[in-house]
Amino acid sequence: GPAEPICKPVTVDSQYQMGIYRVKLNTLDNLTGVTHVYNDFSCTMNTEVTAGIYYSMEVETNNQYPESVFAWLDGNNDGRFDSLERIFESKNKLQFHADTILIPANTLLNQKLRFRLKSDYYTTTMDACTDLYYGEVEDYSLTVKENTNPPVAGFISDGFYSCSGSVQFSDRTLNVPNSWLWEFGDGTNSTEKNPSHI
C-alpha cells in the first residue's frame, strides 16, 4: 500500500454535517455519507490512472453550507503532502464540486500512492495536515501508469486582449511532453512551458 501519512487530521465540531459524502474519480466511486473521522480507504479503494492525462473528479458535500474541497497526491510516496502535490481545489461551493485533475508526470509509477481529500467550511484555511473545524478527511490510493502515447498539443490563455498587450499562455498538452516550442505568428517563439507574449 501507500506510505503511512505523517498526519491524520481530526474534526473538532461535527454539528453541521459538513464533510465528504461521495467521491468519483475514474473507476473510484465511494458513497460514505459524513463520518467526521479520519477515513483511510487507501488499502481498499484504488484506481489506476495514467500520467499526463486529465481526469474528471466529482466530490459531493453537504447541501446547506458552502464548503471548500482540496485534494493532494503523494507523488513521491513519502507520506507527506506539500503544496505542489495539491491537484484539486474547489472553493466556496454548495454540495457539488467538480473539475478535471491532471495526473502529474513526475509521480512514482506502478505503486499505490496516497490520495487525500479534505473538505471544510469555506472560510477555513487548509493544508493537507491541519485539523478541521467542521469537515472531513478521506484517503484513497491511485496507481499511476506510464504514459506511452505521443503528446497532443493543447493550451489556454488569459485572453488575447489586454491593456499591456501581454498574454499569458498555459500549457495543457496531454501525454507527458518534455519540451515545448511556441510560435506566436509574428516571427518570435518560446521554449518555455507557460510563456507570456506581447
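Here is a short report on the structure shown in this document.

What counts and what doesn't
- Residues numbered from 1 in each chain as written.
- Predicted model: local features only at pLDDT ≥ 70, side-chain atom pairs only at ≥ 80, totals over all residues.
- Heavy atoms only, no water.
- Helix = DSSP H or I, 4+ residues; strand = E, 2+ residues; numbered from the N terminus.
- Buried < 20%, exposed > 50% of the residue type's maximum accessible area, 1.4 Å probe, protein only.
- Phe/Tyr/Trp six-rings, centres within 6.5 Å; stacked < 30°, edge-to-face > 60°.
- Salt bridge = Lys/Arg side-chain N within 4 Å of Asp/Glu carboxyl O.
- Pairing = 2+ DSSP bridges.
- Disulfide = S-S within 2.5 Å.

1. Structural notes on unusual backbone geometry
In this structure, Gln17 takes a positive phi of about 60° despite not being glycine. Mapped onto the secondary structure, Gln17 falls in the segment before β1 (22–25). Positioned with a positive phi, Asn77 is a non-glycine residue whose angle comes to about 55°. By secondary structure assignment, the location of Asn77 is in the loop between β6 (67–73) and β7 (86–93). Since its relative accessible area comes to 19%, Asn77 is described here as buried.

2. Looking at the packing of aromatic side chains
The final tally for this structure, using the stated rule, is 11 aromatic pairs. Between Phe70 and Trp72, the ring centres sit 6.2 Å apart and the planes meet at 35°, which makes this aromatic pair tilted. For Phe70, a relative accessible area of 6% puts it in the buried group. Judged by its relative accessible area of 3%, Trp72 is buried. Relative to Trp182, the ring of Phe169 lies with its centre 5.5 Å away and its plane at 45°, an arrangement referred to as tilted.

3. Digging into the pattern of salt bridges
With the rule as written, the count across this model stands at 9 salt bridges. Its salt-bridge partner being Lys24, residue Glu58 comes within 3.9 Å of it at the nearest N-O pair. Of the two residues, Glu58 is situated in strand β5 (residues 54–60) and Lys24 in strand β1; the sequence distance between them amounts to 34 residues. A relative accessible area of 41% means that Glu58 is categorised as partly exposed. Of the charged contacts in the structure, one is a salt bridge between Glu89 and Lys91, with a shortest N-O distance of 3.6 Å. Of the residues examined, Glu89 reaches a relative accessible area of 34% and is grouped as partly exposed. Each of Asp40, Arg114, Arg116 and Asp139 takes part in a single network of salt bridges with overlapping partners.

4. Notes on the sheet that holds strand β15 (residues 196–197)
Sheet architecture is open: 3 strands sit in the order β11-β12-β15, paired in antiparallel fashion. Each edge of the sheet is formed by a strand with only one pairing partner; in this case those strands are β11 (155–157) and β15. As judged from the 2 bridges shared by strand β12 (residues 167–171) and β15, these two strands associate in the antiparallel manner. Of the residues in β15, the one forming a bridge with Gln168 is Ser196.

5. Some points on the state of the cysteines
Per the stated rule, a full pass over the model turns up 1 disulfide. A disulfide bridge connects Cys7 with Cys129, and the sulfur atoms are separated by 1.9 Å. Judged by the torsion about the S-S bond (-70°), the Cys7/Cys129 disulfide is left-handed. With a gap of 122 residues between them, Cys7 in the segment before β1 and Cys129 in the loop between β9 (112–121) and β10 (136–145) connect regions that are remote in the sequence. Not engaged in a disulfide, the cysteine Cys43 finds its nearest cysteine sulfur in Cys7; these two sulfurs lie 16 Å apart. Take Cys43: its relative accessible area is 56%, and that puts it in the exposed class.

6. A short note on the pairing of β9
For β9, the tally of buried residues reaches 8 of 10 residues, placing the bulk of the element in the interior. Of the pairings in the sheet, the one linking β6 to β9 comprises 7 bridges and is antiparallel in character. Residue Ala71 lies in a different strand from β9, and its bridge partner there is Leu117. Bridging between β9 and β10 involves 8 bridges; their strand directions are antiparallel. The residue bridging Lys112 from the neighbouring strand is Thr143, located in β10.

7. Observations concerning the pairing of β1
Residues Val23 and Leu25 line the buried face of β1, whereas the alternating positions Arg22 and Lys24 sit on a face that is not buried. Bridging between β1 and strand β2 (residues 28–31) involves 4 bridges; their strand directions are antiparallel. For Lys24, the partnering residue across the bridge sits in β2 and is Asp29. Between the antiparallel neighbours β1 and β2 lie 2 residues, among them Asn26 with a positive phi of about 55°. The pairing of β1 with β5 spans 4 bridges and is classified as antiparallel. Directly across from Lys24, in β5, lies its bridge partner Glu58.

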